[in-house]
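Structural features, examined
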Amino acid sequence: MNSAHMNTSIQEVISDQDLARHREKIQSSKNLLALEDAAFERVINKLELFQVAIPSWALGTGGTRFGRFPAGGEPRNLEEKIEDVGLIHQLTRSANSISLHIPWDIPRDIVAIEQLLLKNELTIDSVNSNTFQDQQDQPYSYKFGSLCHTDDRIRKQAIDHNIEVVEHGVRLNSKVLTVWLADGSNFPGQHHFRKAYARTLDSLQHIYKSMPVDWNMLIEYKPYEPSFYSMVIPDWGTSLQLSTECGDRANVLVDLGHHLPNTNIEQIVGRLLHFGRLGGFHFNGSQYGDDDLTTGAIKPYQLFLIFHELVTGANDVHVRNPTVAYMIDASHNLKDPIEDLINSLENIRTAYAKALLVDFPALETAQQENDVVRCEQILQAAFQADVRPLLAEARLRTGGSLDPIDYFRSQKIREKLITMRGKKSVATGL
Ligand code: RM4
Ligand code: MN
Ligand code: MN
């Protein structure tokens, strides 16, 4: 346990009254959901095992191009970010890894980082390259693109950066490189679409071939921003084609915020599972676009339907690649970053728990019979279930908190972080 954050053991603060109340809720959940003991245990076990990575760039306050309003006590270095993720994991028992963005978070003292990870029961999930910003000591600019660039020297610089990111990852036992490109154009005619694609593919193949054989590459798409007329990888079709042309260990990454309004994301998930090419997920919430809000805050039914696809995919022997890397990719402009991440984790687990409650055999029968009303009733029955006691039970059994946010507040952890790190400390990230 991280002594910097904790002065009270997480479960010691739970009152007998709260615990008794929790037991009552569990009993009434079992009754309401008509869950036999074995079925109940199966759901709890799945929840205990379900883990989502936290990105190292999400522990500080986000901002917009208009302003940034930090809460104070932000982690000043990678070590402090690991401590914050360690705290989130201790409280929720559902965030056992951390993703690094290079060069925002270059691990310097590998031995010390490894020890800190071990102490916090964390591993490194993916490493993410950054060719969307220019770094101070960098010879060439990415203003007009990176892996798609017309200038071979700039493409090489971007390829070399990705190779270097993998090297950092190897030293910390990561096995996944995530590539998200800002490459694109702002005006018609600026890009030769076919050539820009071909150059990007060539660069990605180069990076792919240089990865160790047990590494995977995730290719993330985004329809707009920062390029507003065309992105080189705007959609899942392009990511799918690029990953297919790279090789078996390249797969598509779906970021929930990277779709135009009203896109049927659950169907995309179903398709990618069908093609055996769904590699990873970036969770966040959005009203308009890449808003990076708390996951599930705005469209909880959509999140549930996505998990329904993931759960059916995981149970289907025909799905080639059912292992998906989950990560939260959010930005916190208003909420305390730690509270926001806990919020997201609990909303993600809520959607997952509900998806586990879907009566699949009954749904398949209803689908087969084209009984539209029954199909929807089955999904709604699971979606409307109150699974909060189940989540709490999974947390309690693994040593987590009965109420993580309440613990964070009552123990005055942000106040302590401000005392330790200062009111004006700034974390690296966007
Ligand atoms: C992008 C994308 C990437 C993330 C950057 C910071 O919009 O979601 O995954 O690495 O933001
Ligand atoms: Mn993302
Ligand atoms: Mn994004």
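Now for a description of the structure that goes with this document. The structure presented is a predicted model; accordingly, all values stated were derived computationally and were not measured.

1. Overview of the coordination of the manganese ion (ligand 3)
Around the manganese ion (ligand 3), the donor atoms from the protein are His-258 (NE2), Asp-290 (OD) and Asp-290 (OD), and they sit 2.2 to 2.7 Å away. The manganese ion (ligand 2) is placed at 3.9 Å from the manganese ion (ligand 3). Of this pair, His-258 sits in the loop between strand S8 (250-255) and helix H8 (265-274) while Asp-290 sits in the loop between strand S9 (278-283) and helix H9 (300-314); the two residues are 32 residues apart in sequence, bridging distant segments of the chain.

2. Some remarks on the environment of Asn-216
With respect to the helices, strands and loops of the structure, Asn-216 is situated in strand S6 (residues 216-220). Given the relative accessible area of 28%, Asn-216 is considered partly exposed. As a C-alpha pair, Asn-216 and Val-176 span 40 residues in sequence and 4.8 Å in three-dimensional space.

3. Some words on the pairing of S8
Residues in a regular strand project their side chains so that they alternate between the two faces of the sheet. Burial of S8 is extensive: six of the six residues sit out of reach of the surface. Strand direction decides the pairing type here: S6 and S8, joined by four bridges, are parallel. Paired with Met-217 across the two strands is Ala-250, which belongs to S8. Where S8 and S9 come together, four bridges link them in parallel fashion. The residue bridging Val-254 from the neighbouring strand is Phe-281, located in S9. Note on the crossover from S8 through H8 to S9: the handedness is right-handed.

4. Regarding the state of the cysteines
Evaluated as defined, the whole model comprises zero disulfides. Cysteine Cys-246 is unpaired, with the sulfur of Cys-148 as its nearest cysteine sulfur at 15 Å. Given the relative accessible area of 12%, Cys-246 is considered buried.

5. Description of the coordination of the manganese ion (ligand 2)
Here the manganese ion (ligand 2) is held by Glu-220 (OE), Asp-255 (OD), His-282 (ND1) and Asp-329 (OD), and the distances to it run 2.1 to 2.2 Å. Taken together, the six donor atoms coordinating the manganese ion (ligand 2) and their angles of 72 to 165° define a geometry best described as octahedral.

6. Points about the site of ligand 1
Taken together, Trp-57, His-101, Trp-180, Glu-220, Lys-222, Asp-255, His-258, His-282, Asp-290, Asp-329 and Leu-430 make up all the residues around ligand 1. Taking His-258, its side chain carries an N or O atom lying 3.1 Å from an oxygen atom of ligand 1. A distance of 2.8 Å separates an oxygen atom of ligand 1 from a polar side-chain atom of Asp-329. Relative to its unbound accessible area of 290 Å², ligand 1 is 95% covered by the protein chains. For the shell around ligand 1, the class distribution of residues is three nonpolar, three polar and five charged.

7. Details of the environment of Gln-205
As for its position among the elements, Gln-205 is in helix H6 (residues 193-210). Separated by 37 residues in sequence, Gln-205 and Leu-242 place their C-alpha atoms 8.8 Å apart. In this structure, Gln-205 is in contact with Glu-245 and Cys-246, ignoring residues within four places of it in sequence. Polar contacts involving the side chain of Gln-205 include one to the main-chain carbonyl oxygen of Glu-245, which spans 2.9 Å.

8. Comments concerning the packing of helix H10 (residues 337-356) against helix H13 (residues 388-397)
For any two helices packed against each other, one specifies the crossing angle of their axes together with the interaxial distance. Their axes nearest at 10 Å, the elements H10 and H13 cross at an angle of 115°. Between H10 and H13, the angle falls in the class roughly perpendicular. Here H10 and H13 pass one another in a crossing that is right-handed. Contact with H10, carried on its side by Glu-346, Arg-349, Thr-350 and Ala-353, involves Leu-391, Ala-394 and Arg-395 of H13 and no other residues of that element. When its residues are assigned to classes, the contact of H10 with H13 shows three nonpolar, one polar and three charged.

9. Structural notes on the sheet that holds S9
Read across the open sheet, the eight strands follow the order S1-S2-S3-S4-S6-S8-S9-S10; overall the sheet is parallel. Either end of the sheet is taken by a strand with one partner, and the two such strands are strand S1 (54-55) and strand S10 (325-328). Bridging between strand S4 (residues 176-180) and S6 involves five bridges; their strand directions are parallel. Considered in S6, the bridge of Val-179 is made with Ile-219.

10. Topic: the pattern of salt bridges
By the definition in use, this model includes 24 salt bridges. One salt bridge connects Lys-81 with Asp-105, and the closest N-O pair in it is separated by 3.0 Å. On the criterion of sequence distance, the pair formed by Lys-81 in helix H3 (residues 78-92) and Asp-105 in the loop between strand S2 (97-101) and helix H4 (110-119) is long-range, its members being 24 residues apart. For Lys-81, a relative accessible area of 1% corresponds to the buried category.

What counts, and where the lines are drawn
- Residues numbered from 1 in each chain as written.
- Chains lettered and ligands numbered in written order.
- Predicted model: local features only at pLDDT ≥ 70, side-chain atom pairs only at ≥ 80, totals over all residues.
- Heavy atoms only, no water.
- Donors = N, O, S within 2.8 Å, 3.2 Å for Na, K, Ca; no water.
- Helix = DSSP H or I, 4+ residues; strand = E, 2+ residues; numbered from the N terminus.
- Buried < 20%, exposed > 50% of the residue type's maximum accessible area, 1.4 Å probe, protein only.
- Pairing = 2+ DSSP bridges.
- Right-handed = clockwise from strand over helix to strand, strands pointing away.
- Disulfide = S-S within 2.5 Å.
- Tetrahedral: all angles 85-135°; square planar, octahedral: opposite > 155°, others 65-115°.
- Near = heavy atom within 4 Å.
- Polar contact = N/O pair within 3.5 Å; in protein donor to acceptor, adjacent residues only side chain to side chain.
- Areas by Shrake-Rupley, 256 points an atom, 1.4 Å probe, with all protein chains shown as cover.
- Nonpolar A, V, L, I, M, F, W, Y, C, P; charged D, E, K, R; others polar.
- Contact = heavy atoms within 4.5 Å.
- Axes fitted to C-alpha atoms, helices over the stretch in contact; angles between N-to-C directions.
- Parallel < 35°, antiparallel > 145°, perpendicular 65-115°, else oblique.
- Left-handed = near helix turned anticlockwise from the far one by under 90°.
- Salt bridge = Lys/Arg side-chain N within 4 Å of Asp/Glu carboxyl O.

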